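# Working through the structure, step by step
Given next are the chains, with one letter for each unit.
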Amino acid sequence: GVLQSPVYFRAVVETVHRLDLIISNKTAYQDVFKPENISLRNKLRELCVKLMFLHPVEYGRKAEEVLWRKVYYEVIQLIKTNKKHIHSRSALECAYRTHLIAGVGFYQHLLLYIQSHYQLELQCCIDWTHVSDPLIGCKKPVSASAKEMEWAQLACHRCLVYLGDLARYQNELALVDTEKLAERFYYQALTVVPQMGMPFNQLGTLSGSRYYHVEATYCYLRCIQSEVSFEGAFGNLKRLYDKAAKMYHQLKKSENRKLSPSKKR
C-alpha cells in the first residue's frame, strides 16, 4: 500500500501536467473532447480514485480536488468562456452535454461506493444510499480509523455538492430544467455535514436574481454564518449589495418620472 502511493501520486502529477498543456492552448475548446484527451482524463480519474481509497487520510482530499478540477470543472469553464463559438445542437455542444451527464454518473457511483466501503448510514439524509443485502445478514465490521471515517463523510458531502454543480451547469443549457435537482443535491449536502456552509453559497448562485436578489442574499448570509464558511460568499454578497446600491441611486434619480408601483416598491 504505502509504497505504491508515490507511484500513483507521480502518475497523477504527470497526467495533470499533460492536461494543463492541452487546456492552455488557444483552440483548447475544440480539442478537449478529442478521444485521446478524453482518455487522458479517464486515466487521471482512475488514478485519483485509487489514491483516494488506498490513502484516504494522506491523499483523499487532494485526489478529490484534482479529480473535480482537472477532469470536470476546467473543461466546463473552458466551454462556458467560449460560449460564443459553440452553437446550439453542434457536435461540440453535444460533447459538452455528454461530459456533464458522465460527471453525474461518476459522482453518483462514487457516492454509493464510499457509503458501501465505509458502511456509512446516510439513509435519513440522502436519496442515493447504499442498501446492504438483507440476505447476507450481519455486516462485516469496518476496519477504518476515525480519521478515515471523517474523510468518507466529508467526501460524500463533496460528491453531493459536485452533483449539485453539475445539475446547475446542465440547467444553464437550453432545453434542460435541472434547477430543482441542483437545489435538492445542495440541501442533501447540508444534511450530511451541516456545519459546512459552501452549499449555501451554491444555492445563492443558483437562485440568481429571484425576488430582487433577496433569496441569494439570504443564502450568502447563511453561508457566512456557518461554522465553516466559504470564502467566496463574502465577495458574492458584496457584489449584490453594490448592485442594490446602484439600483437605489438610479431610482432616487428617476423619482420624479413616473415609475410603475412594483418598481417603486
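A brief report on the enclosed structure follows. Predicted, not measured: the structure shown is a model, and the values here were computed from it.

Counting residues in each nonpolar core, the largest one holds 67 residues, and the members touching the most others are Val12, Leu44, Leu67, Tyr72, Tyr96, Tyr107 and Ile114. Per element, the largest residue contribution to this core is 13 residues, and it comes from helix H6 (residues 146-172). Residues contacting Tyr96, with those up to four places away along its chain left out, are Phe33, Ile76, Ile79, Lys80, Tyr169 and Leu173.

Before going further, it helps to examine helix H8 (residues 198-207). With 8 of 10 residues buried, H8 is to be regarded as a mostly interior element. All of the buried residues along H8 are Pro199, Phe200, Asn201, Gln202, Leu203, Gly204, Leu206 and Ser207. Taken together, the buried residues of H8 touch H6, helix H7 (179-192), helix H9 (214-225) and helix H10 (232-253).

The next subject is unusual backbone geometry. In this structure, Arg89 takes a positive phi of about 65° despite not being glycine. Mapping Arg89 onto the fold places it in the loop between helix H4 (56-81) and helix H5 (91-118). Of note in this structure, Tyr211 is not a glycine but carries a positive phi near 50°.

What follows deals with H7. It helps to recall that an α-helix has 3.6 residues per turn; residues three or four apart then point in one direction. Over its 14 residues, H7 runs 20 Å from end to end, which matches the ideal 20 Å to within 8%, given 1.5 Å per residue. Listing the buried residues of H7 in full gives Glu179, Ala182, Glu183, Phe185, Tyr186, Gln188, Ala189, Leu190 and Val192. Of the surrounding secondary structure, the elements contacted by the buried residues of H7 are H5, H6 and H8.

So, on to the state of the cysteines. Applying the stated criterion across every chain yields a total of 0 disulfides. Among the cysteines around Cys48, which has no disulfide bond, Cys159 carries the closest sulfur, lying 13 Å off. With no disulfide of its own, Cys219 has Cys223 as its nearest cysteine by sulfur position, at a separation of 9.4 Å. With relative accessibility at 5%, the residue Cys219 sits in the buried group.

Below, the discussion takes up the environment of Gln225. Within the fold, Gln225 resides in helix H9. Sequence separation of Gln225 and Gly197 is 28 residues, and the distance between their C-alpha atoms is 7.7 Å.

This part covers the pattern of salt bridges. Following the criterion strictly, the structure yields 12 salt bridges and no others. Taking the shortest distance from any N to any O, the salt bridge between Asp31 and Lys34 comes out at 3.3 Å. Accessibility expressed as a relative area gives 14% for Asp31, which makes it buried. In this structure, Glu215 and Arg210 form a salt bridge, with 2.9 Å as the shortest nitrogen-oxygen distance. For Arg210, a relative accessible area of 27% translates into the label partly exposed. Among the charged side chains, a network of salt bridges with common partners joins Asp20, Lys70 and Glu74.

In total, this model carries 12 aromatic pairs according to the counting rule given. Measuring from ring centre to ring centre gives 6.0 Å for Phe53 and Trp151, while their planes differ by 90°; the resulting arrangement is edge-to-face. Placement of Phe53 in helix H3 (residues 35-54) and of Trp151 in helix H6 is noted, with a sequence separation of 98 residues between them. With respect to burial, Phe53 and Trp151 carry one shared label: buried. Taken together, a centroid distance of 6.1 Å and an interplanar angle of 25° make the contact between Tyr72 and Phe106 stacked.

Parameters at a glance
- Residues numbered from 1 in each chain as written.
- Predicted model: local features only at pLDDT ≥ 70, side-chain atom pairs only at ≥ 80, totals over all residues.
- Heavy atoms only, no water.
- Core = buried A, V, L, I, M, F, W, Y, C linked by side-chain atoms within 4.5 Å.
- Buried < 20%, exposed > 50% of the residue type's maximum accessible area, 1.4 Å probe, protein only.
- Helix = DSSP H or I, 4+ residues; strand = E, 2+ residues; numbered from the N terminus.
- Contact = heavy atoms within 4.5 Å.
- Expected span 1.5 Å × (residues − 1).
- Disulfide = S-S within 2.5 Å.
- Salt bridge = Lys/Arg side-chain N within 4 Å of Asp/Glu carboxyl O.
- Phe/Tyr/Trp six-rings, centres within 6.5 Å; stacked < 30°, edge-to-face > 60°.

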